[in-house]
Amino acid sequence: MTVAALLMAFSLALSACGGGSGGESSSGSADGGKVSLSFWTLFDGGDGANMQALVDEFNKTHPDIEVKNTKLVWAEYYTKLITAVGNGNGPDIGISHTSRLPDLINQGVVTDLDAVAETAGVDWSSFNQNLLDATVVDGKHYAVPIDTHPFIMYYNVKLLKEAGLLGEDGKPVMEQSAEGFVDFLQTLKEKLPAKVTPFALSNTNDDPYRLWWSLYSQLGGNDLISDDLTTAQIDTDKGVEAADYIQKLFKAGYIKKNDPDFYKNFQSGTAAIMMTGVWATGTWESTKDLEFGAMPIPKIFDQEATWGDSHTIILPTTQKDDEAKREAAITFANWVADNGQVWAKAGHIPSKPSVLEKPEFKEMPYRSDYASVASTVKFNKPSVKTAQIRDNVSFKILNEVWADKMTPAAAMENMQKGVQKTLDE
Amino acid sequence: MKIKKIRADAQALLFLLPFLLVYGLFTVWPMIKGVEMTFYKWTLIKKMDFIGLDHYRQVLRDREVWEALWHSAIFVVLTTPTMVALSISLALIANRKSLLQKFYRSLFFIPSVLSVAVASYLGLFVFQPYTGLVNSILHLVRLLPEGAEIFWLTEKSLAWIVITLVTLWWTVGFNFILHLSAIQEIPDEIYEAARLDGASDNQIFWKITLPYLAPITRIITMLQIIASFKVFMQIYIITGGGPLDQTRPIIQLIYETGFRKNDLGYAATMSYLLFVILLVLSALQYWMNNRKGAGM
């Protein structure tokens, strides 16, 4: 509890002071020809199993390298990574979300990869440019993206058929426009029993924020901060329009109010459509009797855009800077990206376009239906405050809009202030 | 004689040493280190720059801090009197001679053995809309019309009620035991004498039981105030501090500042502000106790 949190703070402070002496980072080095690498991941469930499968396969096919996978709890992953690297006990390889990268760079946790990538012969042009660009900061590569996991739409095939909204091609019949999407939901509401939720969506935090971010970007909004990353710069009109559109979806009763479990709602076949990250694909697939489809979120406004983030492989700062290890590590990272078809099992979109052409990938259903989204993901600008702005400002204020306790206009005003305050801190 | 005493002291020290070491290393030393941290810009990994009293100036002006302190204070006000009243009531019930006496005692105490996460998640399940126990019962007895839901967890005042109820249910057991044992120590003769004099149940409670419970009640009140000021986990799980930070207690703000914003120096400063407040409260209580003790 409280005491535990304080103790943690204190013990962290302690280890930060005492860390200088403990010089041994991870086991084994390049002696005897075999390079041993420690790898920290934050994946559990299907992701965890797929990453372990990749690691095992890599170790089998690369006799001179051994990667040891340590799974950490997602919620504490970044805190642990930052403190461990800080006192010299970090791993040789780590995972970072693209959105977290600027903060890690700023804290000196990750190293740039340009030199080692050249030695190891990594071909940067083999990656999806949109995903790759988001990992380049100040002209340097800091991470190897292995996927993108954007915000997409799922639909229940049976319910859409029942409402007469499933086309011959098995895809939803919907006009891709602001009115078109509302009409689609209205038909679902009218044609389906009252117990069915037309649109399963969380009422707070991540998913409605992602929808807002997507629509804001579709309108041409360009993040919440200026290009030089120092000032809050919300395109107010666009922000209001996007928030207003979503608030109306809540008010019209298309979205179940304060739905305690919107995943379960869709999973148990009582919701017609739902929007969330692509990682749900694997979950729906393993659900018995759920007939579903996946597609990019509709183009409601001017241009296609959606929220998304990427998992990337990073080489954390180590005390020795062992070149052999670094080369082995980036070889592993590149290999994981090359074998994205395994990683895609959970639903993620592989980071290399060449993987999309592999028969193993094409054989998997659904993925190809939304793989094109990779190029329309609107990433955050590389601010060290991205996560803080999202968690402490956008989530909290937009939650009030969804609960109809704040007007979209007031929300944008408050967000502008909150973002600026966060940037100033 | 003296040598004997020194030897005894040395022996005692030997036995105390394992505890002292751990206590010193994990409590005393970090407390000292914490003071140092307040004078620096200090991230999750390292000491950055010396900034003197800047954090102290900042903390006094920071609206978020005072709001969070206020929320902790609301929690104290909500839970302390109710806790004392509930604990005495339960102790009275469990003290009555009845077949269910043992059953009551375990019933009232059992929630205390749960961990905070279990207790809080139970609270979440009970109060969540659509499928939660409370709303379902309200639907069943038709107090809540079909299709309507009470959103216990997302309305500010309702959320406070839920937090208070869960906390009372979960933590009353320990105080209940203290009160029960205090009640049992009240001599029966006094009650007998009172009954012979024709005192009513009401009079007996207000004039005998309650005054006899006063010392333990004072202790419980003090412990309760201090513990309540340090509230964090159940609120964090049940409302996450929301809606819009309106239930966020100071410890959550300290946690977020330290581990989400990586600003350990400022988080430490807030911790010491809370420390001073608790210290003043304890001193006040100590002083009042002593004065009362002298008067009796």
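Note that the structure is a prediction, hence the values are computed from the model and not measured. (Residues numbered from 1 in each chain as written. Chains lettered and ligands numbered in written order. Predicted model: local features only at pLDDT ≥ 70, side-chain atom pairs only at ≥ 80, totals over all residues.)

**Observations concerning the overall build of chain A**
Cut-off, in case you're wondering: Helix and strand definitions here come from DSSP, where helices need a minimum of 4 consecutive H or I residues and strands a minimum of 2 consecutive E residues; each element is numbered from the N-terminal end. Only the C-alpha atoms count toward the radius of gyration. The rule for a globule is 2.2 Å times the residue count to the power 0.38.
Of regular secondary structure, chain A possesses 19 helices and 15 strands. Rg of the C-alpha trace for chain A: 23 Å, near the compact-globule value of 22 Å for 425 residues, within the 12% margin. The principal-axis extent of the C-alpha atoms belonging to chain A is close to 70 × 50 × 40 Å.

**Observations concerning the domain arrangement of chain A**
All names here are of chain A. We apply this condition: Just so you know, the domain bounds were taken from an automatic or database domain assignment. C-beta atoms are placed from the backbone for every residue, and two residues are taken to be in contact when these atoms lie within 7 Å.
Once the domains are mapped, chain A shows domain 1 (3-146 + 310-375) and domain 2 (158-308 + 385-424). With centres defined by C-alpha atoms, the gap from domain 1 to domain 2 works out at 30 Å. With 15 residues of domain 1 at the interface, the matching set in domain 2 holds 11 residues. Looking at the side of domain 1 that touches domain 2, the elements with two or more residues in it are α4 (101-106) and α17 (367-370).

**Details of the interface of chain A and chain B**
Selection criterion: Gly falls in the polar group here, along with every residue not listed as nonpolar (Ala, Val, Leu, Ile, Met, Phe, Trp, Tyr, Cys, Pro) or charged (Asp, Glu, Lys, Arg).
Listed by partner, the interface residues are 24 residues for chain A and 32 residues for chain B. Residue assignment for the side of chain A that touches chain B shows that the elements contributing at least two residues are α1 (2-18), α3 (74-86) and α18 (386-402) of chain A. Split into classes, the residues belonging to the side of chain A that touches chain B amount to 12 nonpolar, 9 polar and 3 charged.

**Let's talk about the environment of A:Gly121**
All names here are of chain A. We apply this condition: Here exposure depends only on C-beta density: within 10 Å of a residue's C-beta, 20 or more other C-beta atoms make it buried, 12 or fewer make it exposed, and intermediate numbers make it partly exposed, the C-beta atoms being placed from the backbone.
Within the secondary structure, Gly121 is located in the loop between α5 (114-120) and α6 (129-133). For Gly121, a count of 10 C-beta atoms within 10 Å translates into the label exposed. Separated by 209 residues in sequence, Gly121 and Ile330 have C-alpha atoms that sit 9.5 Å apart.

**A word on helix α5 (residues 116-127) of chain B**
As a reminder of what qualifies: One fewer than the residue count of a helix, multiplied by 1.5 Å, yields its expected span.
For α5(B), which comprises 12 residues, the first-to-last C-alpha distance of 16 Å matches the rise-based estimate of 16 Å (1.5 Å per residue) to within 8%. On its buried face, α5(B) is in contact with α6 (133-140), α7 (156-184) and α10 (233-238) of chain B.

**Regarding the sheet that holds strand β9 (residues 197-200) of chain A**
Residue and element names in this part refer to chain A. The cut-off we apply is this: Between any two strands, pairing holds if DSSP finds at least two bridges. All axes are obtained by fitting lines to C-alpha atoms, using only the stretch in contact for helices, and the reported angles, taken between N-to-C directions, cover 0 to 180 degrees.
Strand order in the open sheet formed by 4 strands is β9-β10-β8-β11, with mixed pairing between adjacent strands. This sheet does not close on itself; its edge strands, each paired only once, are β9 and β11 (292-296). When the angles between neighbouring strand axes are averaged without regard to direction, this sheet yields 20°. In the sheet, strand β8 (residues 151-156) pairs with β11 via 5 bridges, with the strands oriented antiparallel. For Ile152, the partnering residue across the bridge sits in β11 and is Pro296.

**Points about α18(A)**
Residues and elements named next belong to chain A. Note the threshold: A residue's bend is simply the angle between two axes: one fitted to the seven residues ending at it, one to the seven starting at it.
Ser394 marks the point of greatest bend in α18, at about 35°. Among the 17 residues in α18, 12 count as buried, and that is most of the element. Burial in α18 covers these residues: Thr386, Ile389, Arg390, Asn392, Val393, Ser394, Lys396, Ile397, Leu398, Asn399, Val401 and Trp402. Following α18 by one or two positions, Asp404 adopts a phi angle in the positive range, close to 60°.

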